[in-house]
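Residue strings, one per chain:
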Amino acid sequence: MGAVKELLFMKLFKPSPAAAAVQTDGPVPAITVEDVYLSYRSIVPVSKRKAAKAQDNTKKTGRIEHFEALHGISFEIAQGEIVGLIGRNGSGKSTLLRVLAGIFEADRGVVDLHGHTVSLLALGIGFQKKLPGRENIYLSGMLMGFSKQRIDEQIDEIIEFSELGSFIDKPVQTYSSGMQSKLGFAITAILKTDIILVDEVLSVGDSHFKKKSFNKMKELIAEKNRTVIIVSHSTSTIQDICEKVIWLHDGDIKMIGKTSEVVDLYEEFMEQY
């Protein structure tokens, strides 16, 4: 199940007690994140000679280091909000999306999706490489919580949108990164979840598909109750689509606010950084 857990699209979350409570006036929460921490463990190579000097007869050739990627992250996103997630490389953006999608488990803290379904669209993860694109559509869709009947009804539309043609019946391991991006986006765009997490893929693919996917994303956003978080290094894309922005820096939230205000300060910061 380890490989399946790392698929692009994830399971339904059970409603939390908060989601089951009687709703009060005000925005309905879609995502609540409270004091989330996550760290990675990595092995730093050490030469056998150095290891032997440090410990007699040791066979260890590396030491374990811990890298804290997220430091007590907290925020709330209302249902229907379109939020940009910005920050320089290594700030924790992709890690945060994977925590929200349930691919990574936080070391501590709370992530509550209030019973909403969620999908993550990102490069490099998600498909069973030895299976053809068609079978990956079914696998991804079922992990998103959709029935086979629902996927049967929409698979032709997914394939047409992906523009993969006969490649849809070839193993995904034969696809270029652009082709994988097209298939992933097509699945997300046609099999719509309540929450969509987008990690940089709007900038991948040929110019025709970029325009097509950008327009489709705008169409999805126009649906009142859909919640979207978009990671992008293109501040123009963020300004065009998002109403609110979260700025991450070295695993901390540096600022949350209106798009124009946060992006202006972020660009000023990056010029001096």
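Residues numbered from 1 in each chain as written. Predicted model: local features only at pLDDT ≥ 70, side-chain atom pairs only at ≥ 80, totals over all residues. Heavy atoms only, no water.

Caption draft 1: Fine view of the pattern of salt bridges. This structure, assessed with the given rule, holds 11 salt bridges. Here Asp 199 makes a salt bridge to Arg 98, at a shortest N to O gap of 3.1 Å. You can see Asp 199 sitting in strand E6 (residues 195-199) and its partner Arg 98 sitting in helix H4 (residues 93-101), a full 101 residues away along the chain. Classification of Asp 199 by relative accessible area gives buried; the value is 8%. A relative accessible area of 11% places Arg 98 in the buried class. Here Lys 192 makes a salt bridge to Glu 223, at a shortest N to O gap of 3.0 Å. Placement of Lys 192 in the loop between helix H7 (177-190) and E6 and of Glu 223 in the loop between helix H8 (207-221) and strand E7 (227-231) is noted, with a sequence separation of 31 residues between them. (Salt bridge = Lys/Arg side-chain N within 4 Å of Asp/Glu carboxyl O. Helix = DSSP H or I, 4+ residues; strand = E, 2+ residues; numbered from the N terminus. Buried < 20%, exposed > 50% of the residue type's maximum accessible area, 1.4 Å probe, protein only.)

Caption draft 2: Seen up close, the pairing of strand E8 (residues 244-249). By the criterion of burial, E8 is predominantly enclosed, with six of the six residues buried. Where E8 lies against strand E9 (residues 252-258), six bridges are found, and the strand directions are antiparallel. Pairing of Val 245 across the sheet is with Gly 257, part of E9. In this structure, the hairpin formed by E8 and E9 is closed by a connection of two residues, where Asp 250 is found at a positive phi of approximately 50 degrees. (Pairing = 2+ DSSP bridges.)

Caption draft 3: Quick peek at the environment of Arg 226. Mapping Arg 226 onto the fold places it in the loop between H8 and E7. Exposure remark for Arg 226: the relative accessible area of 9% places this residue in the buried category. Here Arg 226 is in contact with Gly 80, Glu 81, Ile 82, Lys 192, Thr 193, Asp 194, Ile 196 and Leu 220, once residues within four sequence places are set aside. Within polar-contact distance, the side chain of Arg 226 engages the backbone oxygen of Thr 193 at 2.9 Å. Reaching out from Arg 226, the side chain makes a polar contact with the side chain of Glu 223 at a distance of 2.4 Å. (Contact = heavy atoms within 4.5 Å. Polar contact = N/O pair within 3.5 Å; in protein donor to acceptor, adjacent residues only side chain to side chain.)

Caption draft 4: Molecular detail of the packing of aromatic side chains. Under the definition given, this model contains eight aromatic pairs. Between Tyr 40 and Phe 67, the aromatic rings sit 6.5 Å apart at their centres with planes inclined by 5 degrees, giving stacked as the arrangement. Of the two residues, Tyr 40 is situated in strand E1 (residues 29-45) and Phe 67 in strand E2 (residues 62-78); the sequence distance between them amounts to 27 residues. For the ring pair Phe 185 and Phe 209, a centre distance of 6.4 Å and an interplane angle of 85 degrees mean the geometry is edge-to-face. Taken as a pair, Phe 185 in helix H7 and Phe 209 in helix H8 lie far apart in primary sequence, 24 residues in all. Under the relative-accessibility criterion, Phe 185 is labelled buried at 3%. (Phe/Tyr/Trp six-rings, centres within 6.5 Å; stacked < 30°, edge-to-face > 60°.)

Caption draft 5: Summary view of the pairing of E7. Within E7, five of the five residues are buried, which leaves it mostly tucked inside the rest of the structure. The pairing of strand E3 (residues 82-86) with E7 spans four bridges and is parallel. The residue bridging Val 83 from the neighbouring strand is Ile 229, located in E7. Bridge count between E6 and E7: five bridges; the pairing is parallel. In the sheet register, Asp 199 faces E7, and the bridge partner there is Val 231.

Caption draft 6: Structural context of the packing of helix H5 (residues 133-143) against helix H6 (residues 148-162). Two numbers describe how H5 lies on H6: the axes approach to 10 Å, and their chain directions differ by 130 degrees. By the angle between their axes, H5 is oblique relative to H6. For the crossing formed where H5 meets H6, the hand is right-handed. Residue-level contacts link Arg 134, Ile 137, Tyr 138, Gly 141 and Met 142 of H5 to Lys 148, Ile 151, Asp 152, Ile 155, Ile 158 and Ile 159 of H6. Considered class by class, the residues forming the contact of H5 with H6 number seven nonpolar, one polar and three charged. (Axes fitted to C-alpha atoms, helices over the stretch in contact; angles between N-to-C directions. Parallel < 35°, antiparallel > 145°, perpendicular 65-115°, else oblique. Left-handed = near helix turned anticlockwise from the far one by under 90°. Nonpolar A, V, L, I, M, F, W, Y, C, P; charged D, E, K, R; others polar.)

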